[in-house]
Amino acid sequence: SARPPAASPLPVSAGGPYSATTSSALRVHRGFYSAYASVRDQTMANIARIQQVEGRITRFVVAGWGMGAAMATFLTFDLRRLYPQLQVVFYGYGTPRQGDAAFAAAFRALTNTIAVAIRHRGDSIPECNLAPPRSAACNQFAVGFRQAIGTTVWYPNGLAPPSPPRMCTTPFGTQECSGFDECDS
């Protein structure tokens, strides 16, 4: 059976709302990373097998929704480290915050990567997970979680027509992409 390239995943240890990496100052969401870690080895083995059998992977296209988008963020990070010669294109729908500011900066600095978050006003998951907006439980930003994906296609009026999206190339919540972050204030 094909084996993935020799490289370890983001090493994490439990603690608080984050899991702190042991190799750097990056911290990621413990629950999302735990879910990703539970499928990582099999996913990497399948990718290595396809690469060995087909031998013609030219890029990866990764997508996820909600928690799957958070997990796909970690997959994108691993793919860049394991296959630096291949482009990774990532689409996250309703992507929750994945880690701290250092993780977000490291993700945005990945080379040969196109990453886009797609979200709309009516979806509180990117800001609050399952907590209601403006509630005390909606504290993802306050406790330090940040959005790693630097480009957002944002539907400020929901998905009902006419609702042209806005393309935001600065981190969500800045002036260019403001209007939804009820939890960020």
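One can find the structure itself at the top, above this paragraph.
Residues numbered from 1 in each chain as written. Predicted model: local features only at pLDDT ≥ 70, side-chain atom pairs only at ≥ 80, totals over all residues. Heavy atoms only, no water.

Trainee: Please set out helix α3 (residues 101-108) residue by residue, giving values where relevant.
Mentor: The periodicity of an α-helix, 3.6 residues per turn, causes residues three or four places apart in sequence to face the same way. For α3, the complete set of buried residues consists of F103, A104 and F107. End-on view of α3: buried residues confined to an arc of 100°, all on one side of the axis. Of the surrounding elements, those touching the buried residues of α3 are β3 (27-29), α2 (67-82) and β6 (113-120). (Buried < 20%, exposed > 50% of the residue type's maximum accessible area, 1.4 Å probe, protein only. Helix = DSSP H or I, 4+ residues; strand = E, 2+ residues; numbered from the N terminus. Arc of directions from axis to C-beta. Contact = heavy atoms within 4.5 Å.)

Trainee: Before we move on, could you go through the sheet that holds strand β5 (residues 87-93) and cite the residues and values that matter?
Mentor: Sheet strands pair by backbone hydrogen bonding; their relative direction is either parallel or antiparallel. The strand order across the open sheet built from 5 strands is β4-β5-β6-β7-β8, with neighbouring strands paired in mixed fashion. Because the sheet does not close on itself, it has two edges, and the strands there are β4 (59-65) and β8 (166-168). On average, each strand axis in the sheet is tilted by 15° relative to the strand beside it, whichever way the strands run. Two strands pair when backbone bridges link them, and strand β7 (residues 151-155) and β8 are joined in this way by 3 bridges, in the antiparallel orientation. Bridged to T152 within β8 is C168. Sheet strands touched by α2: β4, β5 and β6. Its angle to β4, the strand with the most contacts, is close to 160°. (Pairing = 2+ DSSP bridges. Axes fitted to C-alpha atoms, helices over the stretch in contact; angles between N-to-C directions.)

Trainee: Talk me through the packing of aromatic side chains; I want residue IDs and the actual numbers.
Mentor: The full count for this structure, using the stated rule, is 8 aromatic pairs. Summarising the aromatic geometry, the rings of Y33 and F74 are spaced 5.2 Å apart at their centres and angled 70° between planes, so their arrangement reads as edge-to-face. Of this pair, Y33 sits in helix α1 (residues 30-54) while F74 sits in helix α2; the two residues are 41 residues apart in sequence, bridging distant segments of the chain. We classify Y33 as buried; its relative accessible area is 4%. (Phe/Tyr/Trp six-rings, centres within 6.5 Å; stacked < 30°, edge-to-face > 60°.)

Trainee: So what about α1? Which residues, and what values?
Mentor: Along its 25 residues, α1 runs 35 Å from first to last C-alpha, staying within 8% of the 36 Å computed at 1.5 Å per residue. Just downstream of α1 lies G55, where phi reads positive at about 65°. (Expected span 1.5 Å × (residues − 1).)

Trainee: Residues and numbers for the packing of α2 against α3, please.
Mentor: Direction vectors running N to C along α2 and α3 enclose 55°, while the axes themselves pass 11 Å from each other. Classed by the angle they form, the pair α2 and α3 counts as oblique. α3 is crossed by α2, and the crossing has left-handed handedness. Side by side, α2 and α3 meet where T73, F74, T76 and F77 of the first sit next to F103, A106 and F107 of the second. Residues belonging to the contact of α2 with α3 are distributed by class as follows: 5 nonpolar, 2 polar and no charged. (Parallel < 35°, antiparallel > 145°, perpendicular 65-115°, else oblique. Left-handed = near helix turned anticlockwise from the far one by under 90°. Nonpolar A, V, L, I, M, F, W, Y, C, P; charged D, E, K, R; others polar.)

Trainee: I'd like a description of the pairing of β6, backed by residues and values.
Mentor: Inspection of the sheet shows β5 paired to β6 by 6 bridges, in the parallel sense. Within the sheet, the bridge partner assigned to Y91 lies in β6 and is V116. Viewed along the sheet, the connection from β5 through α3 into β6 turns out right-handed. Pairing between β6 and β7: 5 bridges, direction parallel. Within β7, the position partnered with R119 by the bridge is W154. (Right-handed = clockwise from strand over helix to strand, strands pointing away.)

Trainee: Which residues make up the side chain of T95, and what values do they have?
Mentor: Position of T95 relative to the elements: it lies in the loop between β5 and α3. A polar contact of 3.4 Å, which involves the side chain of T95, links it to the backbone oxygen of G92. The contacts of T95, once residues within four sequence positions are left out, are A69, A70, T73, A117, P126, Q147 and I149. (Polar contact = N/O pair within 3.5 Å; in protein donor to acceptor, adjacent residues only side chain to side chain.)

Trainee: Account for the environment of I149, with residues named and values stated.
Mentor: Positionally, I149 belongs in the loop between α4 (125-128) and β7. Separated by 41 residues in the primary sequence, I149 and R108 place their C-alpha atoms 6.4 Å from one another. Excluding residues that lie within four positions of it along the chain, I149 makes contacts with T73, F90, T95, Q98, F107, R108, A115, V116 and A117.

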